Amino acid sequence: MHKETSHTRTHAQPRADGPRDRPQGVQRPGPQPLLSVATPRPGLPAPPSAPPPPAAVRVLPAGQPSARPGLRASLHLSEGSARGNEQGRGRPPAPEGPRSRSPQRAAGALAAAAAACGARAGWPRAVGRELAGSMAGLRARLGSGLGLLALSTLGLCLMLQVGAKRPPKTPPCPPSCSCTRDTAFCVDSKAVPRNLPSEVISLTLVNAAFSEIHDGAFSHLPLLQFLLLNSNKFTLIGDNAFTGLSHLQYLFIENNDIWALSKFTFRGLKSLTHLSLANNNLQTLPRDIFRPLDILSDLDLRGNSLNCDCKVKWLVEWLAHTNTTVAPIYCASPPRFQEHKVQDLPLREFDCITTDFVLYQTLSFPAVSAEPFLYSSDLYLALAQPGASVCTILKWDYVERRLRDYDRIPAPSAVHCKPMVVDSQLYVVVAQLFGGSYIYHWDPNTTRFTKLQDIDPQRVRKPNDLEAFRIDGDWYFAVADSSKAGATSLYRWHQNGFYSQQALHAWHRDTDLEFVDGEGKPRLIVSSSSQAPIIYQWSRTQKQFVAQGEVTQVPDAQAVKHFRAGRDSYLCLSRYIGDSKILRWEGTRFSEVQALPSRGSLALQPFLVGGRRYLALGSDFSFTQIYQWDEGRQKFVRFQELAVQAPRAFCYVPAGDAQLLLAPSFKGQTLVYRHVVVDLSA
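Overview of the structure.

**Quick look at the environment of glutamine 544**
Mapped onto the secondary structure, glutamine 544 falls in strand β31 (residues 544–550). The exposure class assigned to glutamine 544 is partly exposed, which follows from its relative accessible area of 29%. The spacing of glutamine 544 and leucine 504 is 40 residues in sequence and 9.2 Å in space, taken between C-alpha atoms. Apart from the residues within four sequence positions on either side, glutamine 544 is in contact with Gln501, Gln502, Gln537, Trp538 and Ser539.

Laid out in structure tokens, this is it:
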């Protein structure tokens, strides 16, 4: 037996045998030549003198790195190793003959399969040809290692396929766009492109074939940092149009047809630093539209047609305090501000607070009078309803903030229900056209109204109005009588009832009464449909009213009311035929200040709400007109029209923070309007 010698391994330094593997006296072998492929397995007997290596094996000097072996050399060596193994076992080589043709065909098929495998794995063609050639060379040199070779080759193919480097996948891109991995440039798109790469950080839309951008239009591109929407035909950009773009830093919307933006257009753009809205048709901007843009550093609004009215007042204020760099912008209108720089407009030039009367509650019944009153810290309202034959008492509900039913007083032909609180006791004077007039008292023990007394039917025949007032601590009420046989009368409260005090004006068809307490001289003005209004002044010595004069500027009047503006006193007189009049007291007489068109008017009422003075003027032939007092011109100017027909009274009611105007109508429902303050710059 020959002693076992050391064998070299492919692409490695010679392995040093351990002490147990090396017999005594055998020296450690020196460095062996490196082979580019595997040699026969160690442990097989070797001939006394090592045979020369096969021609396909390149012997490298010791210590020289091995170059990548070719596939052909590896296969040749594998073939030689197999045959050498057969010879080493003492077996003769397999004879060639007809039976060897089948393995040769198998080798050819194996070569074809290897070439196809290489093509699928993306090998270079040269490698594929080399592998196929190596397989073909086995036809003359096949041994028992063919099965092992087939498995090795197929395993190598699979490994190369798994590890092969595939070409990069082309990102999705709509037909109207040009795309790279992170950019998209789109022209003539019919909608915001949806099938863009999710990694896109820059998007440009030019000449788009749609005009509106709706909620969440770009939410499928969450990584977007740059968005350019120039030179399109956009007219509307809705709320939350850019929601989901928390990384967007640059937004350009230039050269479009946008004339207005919604308040929440830019909501969610917390990273936006540059915004351009240049060269659009913007006439105004919603208040605080830039509030969500916390770190905005540059803003361009040039080239727009800004209308510098109250809608841009907030912008003037914002420009004065913001740290954002804003290019100069100019007003296109109104004429007084045209070509003025917005940044330089004085805030005092903007008068942007206005008011409005809005329908607040509808009472589903007609009425001819309304009188508010406070009793036991609660707010009530008394309404005369001749159609329902009652005086209706409503109570203000501070929780629901509505008027609700409370009680009713029988009154078959009521024209006026006048509440009076005297010494903490509640009384209601019910004036009726027929069947006499009465005074009712509220009994808190039984929580109901009971009749207290009658009013002399011979004195008051056809009442039309009631007026209650206090002079020198005494309570009075006066009744305007509109019959030919009746007389306007004055009643005074005394201990447990009201007693007749004075007959003022007989036989003159009186229609309305107005008590005026100015300059310490109580006066009562009586209007009539048949003569000029008469002014009575209170005589403290006689405890009666004394006729002082007539208002000669008005030959007849349906209603008379008064108000004070500054130091001046005014009268408002409505007429059924002809213009209603506004008169000012000049110290000794009244002079006309204004005439208001009011054909068919039976009711008017001046009232003051939060420092603003109004006048409600009704008509039987048209809607009610609301006028507002112009302090500079000292006149009323038309303010608003209310859809109230045939009103018989107007009543201003302050109900907590709700300022109400009631309009009892003879022909329809009683409407309740609320006075609201409107900031036009909002």
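After presenting the structure, the write-up continues.
**Overview of the state of the cysteines**
By the definition in use, this model includes five disulfides. There is a disulfide in this structure between cysteine 177 and cysteine 186, and the S-S distance comes to 1.9 Å. Between cysteine 177 and cysteine 186 the disulfide shows an S-S torsion of about 105°. By sign, it is right-handed. Since its relative accessible area comes to 10%, cysteine 177 is described here as buried. On the basis of relative accessible area, cysteine 186 is assigned to the buried category, the value being 0%.

**Description of unusual backbone geometry**
Looking along the chain, the bond that leaves serine 333 and enters proline 334 is cis, with omega of -5°. Position of proline 334 relative to the elements: it lies in the loop between β14 (331–333) and β15 (353–363). Its identity as a non-glycine residue notwithstanding, asparagine 255 has a phi of 55°, on the positive side. Within the fold, asparagine 255 resides in the loop between β9 (250–252) and β10 (274–276). Of note in the backbone geometry, serine 377 takes a positive phi value of approximately 70° without being a glycine. For serine 377, a relative accessible area of 70% puts it in the exposed group.

**Focus on the pattern of salt bridges**
The full count for this structure, using the stated rule, is 16 salt bridges. Salt-bridge contacts for aspartate 405 lead to arginine 408; the nearest nitrogen and oxygen are separated by 3.8 Å. Looking at arginine 408, the relative accessible area reads 46%, which means it is partly exposed. For arginine 492, the salt bridge goes to aspartate 474, with nearest N and O atoms at 3.3 Å. Within this pair, whereas arginine 492 is found in strand β26 (residues 487–494), its partner aspartate 474 is found in strand β25 (residues 474–481), the two being separated by 18 residues in sequence. Here the salt bridges share partners, and the residues they tie into one network are Asp512, Glu514 and Lys561.

**What to know about the sheet that holds strand β39 (residues 635–642)**
Strands sit in the order β36-β37-β38-β39 across an open sheet of four strands; the sheet is antiparallel. Each edge of the open sheet is held by one strand with a lone partner, namely β36 (604–609) and β39. On average, adjacent strands in this sheet sit at an angle of 25° to one another, irrespective of strand direction. The pairing of β36 with strand β37 (residues 612–617) spans six bridges and is antiparallel. Along β37, the bridge assignment pairs valine 609 with arginine 612.

**Let's talk about helix α5 (residues 313–321)**
For α5, the set of buried residues is Lys313, Trp314, Leu315, Val316 and Leu319. Structurally, α5 contributes buried residues whose contacts are with β12 (306–307) and β13 (325–326).

**Side note on the nonpolar core**
Looking at soluble globular proteins, one finds that nonpolar side chains tend to be buried together. With 56 residues, the main nonpolar core has Phe218, Phe242, Phe266 and Phe290 as its most contacted residues. Looking at this core, the elements that each hand over two or more residues are β4 (183–187), β5 (202–206) and α5. With four residues, the top contributor of residues to this core is α5. Contact partners of phenylalanine 266, with chain neighbours within four places excluded, come to Phe242, Leu251, Ile253, Leu261, Leu275, Leu277, Ile289, Phe290, Pro292 and Leu293. Judged by nonpolar contacts, the second largest core, of 19 residues, contains Ile393, Leu426, Val428 and Tyr438.

**Focus on the environment of glutamine 501**
Structurally, the position occupied by glutamine 501 is in strand β27 (residues 497–506). The spatial distance from the C-alpha of glutamine 501 to the C-alpha of leucine 490 is 5.3 Å, given a sequence separation of 11 residues. Ignoring sequence-local partners within four residues, the contact set of glutamine 501 consists of Tyr476, Leu490, Tyr491, Arg492, Lys543 and Gln544.

**What to know about the side chain of threonine 511**
Within the secondary structure, threonine 511 is located in strand β28 (residues 510–518). You can call threonine 511 buried: its relative accessible area is 8%. A polar contact of 3.2 Å, which involves the side chain of threonine 511, links it to the backbone oxygen of alanine 557.

**Quick look at the packing of aromatic side chains**
Scanning the model with the defined rule gives 36 aromatic pairs in all. Taken together, a centroid distance of 6.0 Å and an interplanar angle of 20° make the contact between phenylalanine 469 and tyrosine 476 stacked. We classify phenylalanine 469 as buried; its relative accessible area is 4%. A residue is classified by how much of its surface remains accessible, and tyrosine 476, at 1% relative accessible area, is buried. With 5.8 Å between their ring centres and 20° between their planes, phenylalanine 607 and tyrosine 652 make a pair best called stacked. Of the two residues, phenylalanine 607 is situated in strand β36 and tyrosine 652 in strand β40 (residues 651–655); the sequence distance between them amounts to 45 residues. Using a relative accessible area of 5% as the deciding quantity, one classes phenylalanine 607 as buried. The rings of Phe218, Phe242, Phe266, Phe290, Trp314 and Trp318 are connected pair by pair, giving a single aromatic cluster. We note arginine 267 situated over the ring of phenylalanine 264; from NZ or CZ to the ring centre the distance is 4.2 Å.

**What about the sheet that holds strand β7 (residues 226–228)?**
Strands pair in a sheet through their backbones, by hydrogen bonds, and they do so in one of two ways: parallel or antiparallel. As summarised here, the arrangement of the eight strands in space is β3-β4-β5-β7-β9-β10-β11-β13, forming an open sheet in which the pairing is mixed. One side of each edge strand has no neighbouring strand; the edge strands of this open sheet are β3 (177–179) and β13. The pairing of β4 with β5 spans five bridges and is parallel. Residue threonine 183 lies in a different strand from β5, and its bridge partner there is serine 202.

Calculation notes
The numbers attached to residues start from 1 for each chain and follow its sequence in the written order. Where local features are concerned, this predicted model is filtered to residues with pLDDT of at least 70; where side-chain atom pairs are given and counted, the filter is 80 or more; whole-chain, interface and lining totals use all residues. Hydrogens and waters are ignored; side-chain quantities use all the structure's heavy atoms. Only DSSP runs of H or I covering at least 4 residues are called helices, and only runs of E covering at least 2 are called strands; the numbering of each starts at the N terminus. Relative accessibility thresholds used throughout: buried, under 20% of the residue-type maximum; exposed, over 50%; partly exposed, between the two (1.4 Å probe, protein chains only). Contact definition: two residues touch when any of their heavy atoms are within 4.5 Å. Criterion for a disulfide: a pair of cysteine sulfur atoms within 2.5 Å. What makes a salt bridge here is a side-chain nitrogen of Lys or Arg within 4 Å of a carboxyl oxygen of Asp or Glu, nothing more. We call two strands paired when DSSP finds no fewer than two bridges between them. Geometry is summarised by axes, namely lines fitted to C-alpha atoms with helices restricted to the contacting stretch, and by angles between N-to-C directions that run from 0 to 180 degrees. For this analysis, a nonpolar core means a set of buried residues of the types Ala, Val, Leu, Ile, Met, Phe, Trp, Tyr and Cys, connected via side-chain atoms within 4.5 Å. N or O atoms closer than or at 3.5 Å make up a polar contact, with two conditions inside protein: a donor-capable atom paired with an acceptor-capable one, and, for residues adjacent in sequence, both atoms drawn from side chains. Each Phe, Tyr or Trp ring (for Trp, its six-membered ring) is paired with any other whose centre lies within 6.5 Å, and the angle between the two planes then decides the class: stacked below 30 degrees, edge-to-face above 60, tilted in between. Put simply, a charge is over a ring when the Lys NZ or the Arg CZ is close to the ring centre, within 6 Å, and near the line of the ring normal, within 35 degrees.

Remember that the coordinates give geometry; whether it matters functionally is a separate question.
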